[in-house]
Amino acid sequence: MNIFTYLSWVKKLWTTVVEIVKLIEETIPDDGAGKQKLAAFDVMLKAALEKADDIDESFEKLQPVAHDIVGAVVTLFNATGLFKRAE
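Just so it is clear, the structure is predicted and the values come from calculations on it, not from any experiment.

Draft legend 1. Quick peek at the side chain of Lys-37. With respect to the helices and strands, the residue Lys-37 is situated in helix H2 (residues 34–51). Lys-37 gets classed as buried once you look at its relative accessible area, which sits at 14%. Sequence-distant contacts of Lys-37, that is, excluding residues within four places in its chain, are made with Ile-24, Glu-25, Ile-28, Pro-29 and Asp-30.

Shown next as structure tokens:
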């Protein structure tokens, strides 16, 4: 995969990850459930890759990048107050 294809993929994935993270947060609102939330994301990513015929990349290659994007989204949401910590 060349760098421009890779960056295009990351850009497209960002929007999708934002939506998925919001859905997971609504489903699992617990503050201490980060591992469970990331596992839920992995289930969705793996299922999507297994069903897609035109994706040349494997789950193992895309998962680390997707985790970095999830981390960035969650950090941004936490910093902006989108995700409120339970009191």
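Draft legend 2. Examining the pattern of salt bridges more closely. A full pass over the atoms with the stated rule returns one salt bridge. Put simply, Glu-25 and Lys-37 hold a salt bridge, and the shortest N to O gap is 2.6 Å. Residue Glu-25 is found in helix H1 (residues 3–27), and its partner Lys-37 is found in helix H2; the two are separated by 12 residues along the sequence. One exposure class covers both Glu-25 and Lys-37, and it is buried.

Draft legend 3. Region of interest: a nonpolar patch on the surface. A grouping of Ile-3, Phe-4 and Leu-7 is seen on the molecular surface, where their side chains present a nonpolar patch of about 350 Å² in accessible area. Along the polypeptide, Ile-3 turns up in helix H1.

Draft legend 4. Main features of the packing of H1 against helix H3 (residues 59–80). Remark: H1 packs on H3, axes separated minimally by 9 Å, with the N-to-C direction vectors making an angle of 55°. Between H1 and H3, the interaxial angle falls into the category oblique. Regarding H1 and H3, the two cross each other, and that crossing is right-handed. Only Leu-62, Val-65, Ala-66, Ile-69, Val-70, Ala-72, Val-73, Val-74, Leu-76 and Phe-77 of H3 make contact with H1, whose side of the interface consists of Tyr-6, Trp-9, Val-10, Leu-13, Trp-14, Val-17, Val-18, Val-21 and Lys-22. Residue composition of the contact of H1 with H3, grouped by class: 18 nonpolar, no polar and one charged.

Thresholds applied
- Residues numbered from 1 in each chain as written.
- Predicted model: local features only at pLDDT ≥ 70, side-chain atom pairs only at ≥ 80, totals over all residues.
- Heavy atoms only, no water.
- Helix = DSSP H or I, 4+ residues; strand = E, 2+ residues; numbered from the N terminus.
- Buried < 20%, exposed > 50% of the residue type's maximum accessible area, 1.4 Å probe, protein only.
- Contact = heavy atoms within 4.5 Å.
- Salt bridge = Lys/Arg side-chain N within 4 Å of Asp/Glu carboxyl O.
- Patch = residues over 30% accessible without salt bridge, like charges linked within 9 Å, V, L, I, M, F, W, Y side chains within 5 Å.
- Areas by Shrake-Rupley, 256 points an atom, 1.4 Å probe, with all protein chains shown as cover.
- Axes fitted to C-alpha atoms, helices over the stretch in contact; angles between N-to-C directions.
- Parallel < 35°, antiparallel > 145°, perpendicular 65-115°, else oblique.
- Left-handed = near helix turned anticlockwise from the far one by under 90°.
- Nonpolar A, V, L, I, M, F, W, Y, C, P; charged D, E, K, R; others polar.

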